[in-house]
Every structure is written in structure tokens, then in C-alpha cells.
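Spelled out, the chains give:
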Amino acid sequence: MRAAGLGALSVATLLAACAPASSPPSEAASQPANVGLAKLAATRYHDSGDYMRDLARAAAPANDWLRQRATQVARAALVLDIDDTALTNWPVILANDFGRFATGPCLLPEGPCGWHAWDLRGEDQAIEPTLQVFRTARSLGVAVFFISGRPESERAATERNLQAAGYAGYERAYFTPDGARFATLVDFKAPTRRTIAAMGYTIIANMGDQMSDLDGGYAERTFKLPNPFYYIP
Ligand SMILES: [Mg+2]
């Protein structure tokens, strides 16, 4: 028995000697938020009305700024993002349970719904606080430009959708070249704003739901709308 015990000890010693030298971490890594719970919280945020209240709160200062600034500069311009800034994608977000499927058919309301197919339907509703900012701009003679990450192939459907949702009388809409890939949409949106500025406009306000809509300059003020539903780098 004694010999067997020594043998076991020797094996244990040998295993310990072969084990990695590092000691176990003293603290567990902090886990990111549970995705299932985050989806429930995001749905509650939308359905409770908090999302709409926050949209209105974020957009209201843009109306004030446009009224204050529009008459002080020559060729004042407003830049708006489209998805979840001018138009809402909530039906497809919900149908996809917060997933994002670029291709495939759009099966509503049960899902899944491919985003390209959804965009081609041109059925998005306006986000009302943004539509109000648009109307304020137009009433002041401010030129409105849309800059979207949507591809050119969606231009016709998207412009039809914008008109139907109430965005009539804008100057121009910019879309990404078909097949183009950007590490961040800042690489498309900021140079597009630079192009607008080079045409002689002063972009006094730029509104979007992603920081990549707003980063990169060429706007006097930026207005960030809430969007906890997805992230566009
Ligand atoms: Mg957007």
C-alpha cells in the first residue's frame, strides 16, 4: 500500500512539473452583457415608448439650431442619414430577432427578412422627429442631403420610399457604390460631406443614429439619435 501511495504521489508530482508555470487568474474575466437579455431590454425600450421619447429629445435641439443658424450662413445645408434616422427599420429588426441578414427573401412578419429585399420594398415609415427636422429645414430654405450606407442599387426604391414617407423636396441623396466595402462608413460619409461643402454649402447640422454617420467633420453640429438595436462601424 505504501509503495502504491508513493507511486501516486510521484505521478502527481510529475504532472505538476509538466503543468504550465502560470498560476490560475485571481479574477474571472468580466463577461459581456448577455445577448438574450440585451434583446429583451432593447424590445422593452422600443415598446415602452422610451425610444420614441429619446428620439424626440435628441432631434428637438436640431430644430432650434436650424432656426438660429440657417439665416446666418450662405447656402445652409442639413445632412441626414436614412436608416433609423429618417426611416425606421423596426419591422425587419424585430422579424430577424436583432440578427442581420443581408440577402435572402423578406418574409414578414414571421421572418427572416433579408435587408436588401426589405429595402427594395420601400415601405419604411418615417421617424417622425426627424421628419419634423426635415420640415423645419425646408421651411427655412435649408438644402437637405441624405447620405446613406445603402448601395446605389437601392436608390430608386429608397428615393420612392423617402418621398412616400414625407421627405419631399430634398436636394440630393448619396448612396455607396455597388459592391463597395468600407472598413468604416466614415470613409464614405465624411468625404461625401466634403463634396457637399466644396459645392458651396455650409453643413450646419448632421443627424444620424451611428457615430459613423457623424464622425469625420464637415458639419457645424452633429445630432446623435439613439439606436441600441445594431452597430454600424
Ligand atoms: Mg442609420
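You'll find the structure just up there.
These figures come from a predicted structure and were not determined experimentally. (Residues numbered from 1 in each chain as written. Predicted model: local features only at pLDDT ≥ 70, side-chain atom pairs only at ≥ 80, totals over all residues. Heavy atoms only, no water.)

A. Structural view of the sheet that holds strand 1 (residues 76-80). In spatial order, the strands read 3-2-1-4-5; together these 5 strands make up an open sheet with parallel pairing. Looking at strand neighbours, the two that pair on one side only are strand 3 (172-176) and strand 5 (221-224), the edges of this open sheet. Averaged over all neighbouring strand pairs, the angle between strand axes comes to 20 degrees, with direction disregarded. Pairing of strand 1 with strand 4 (residues 202-208), which is carried by 5 bridges, proceeds in the parallel orientation. (Pairing = 2+ DSSP bridges. Helix = DSSP H or I, 4+ residues; strand = E, 2+ residues; numbered from the N terminus. Axes fitted to C-alpha atoms, helices over the stretch in contact; angles between N-to-C directions.)

B. Summary view of the pattern of salt bridges. Scanning the entire structure with this criterion turns up 13 salt bridges. Here Arg69 and Glu220 are joined by a salt bridge, their closest N and O atoms 2.8 Å apart. Of this pair, Arg69 sits in helix 3 (residues 50-69) while Glu220 sits in the loop between helix 9 (211-214) and strand 5, and the two are 151 residues apart along the sequence. Exposure remark for Glu220: the relative accessible area of 35% places this residue in the partly exposed category. With a shortest N-O distance of 3.8 Å, Glu123 and Arg121 are connected by a salt bridge. Residue classification places Arg121 among the partly exposed positions, given a relative accessible area of 36%. Several salt bridges converge on common partners, so that one network encompasses Asp83, Asp119, Asp124 and Arg150. (Salt bridge = Lys/Arg side-chain N within 4 Å of Asp/Glu carboxyl O. Buried < 20%, exposed > 50% of the residue type's maximum accessible area, 1.4 Å probe, protein only.)

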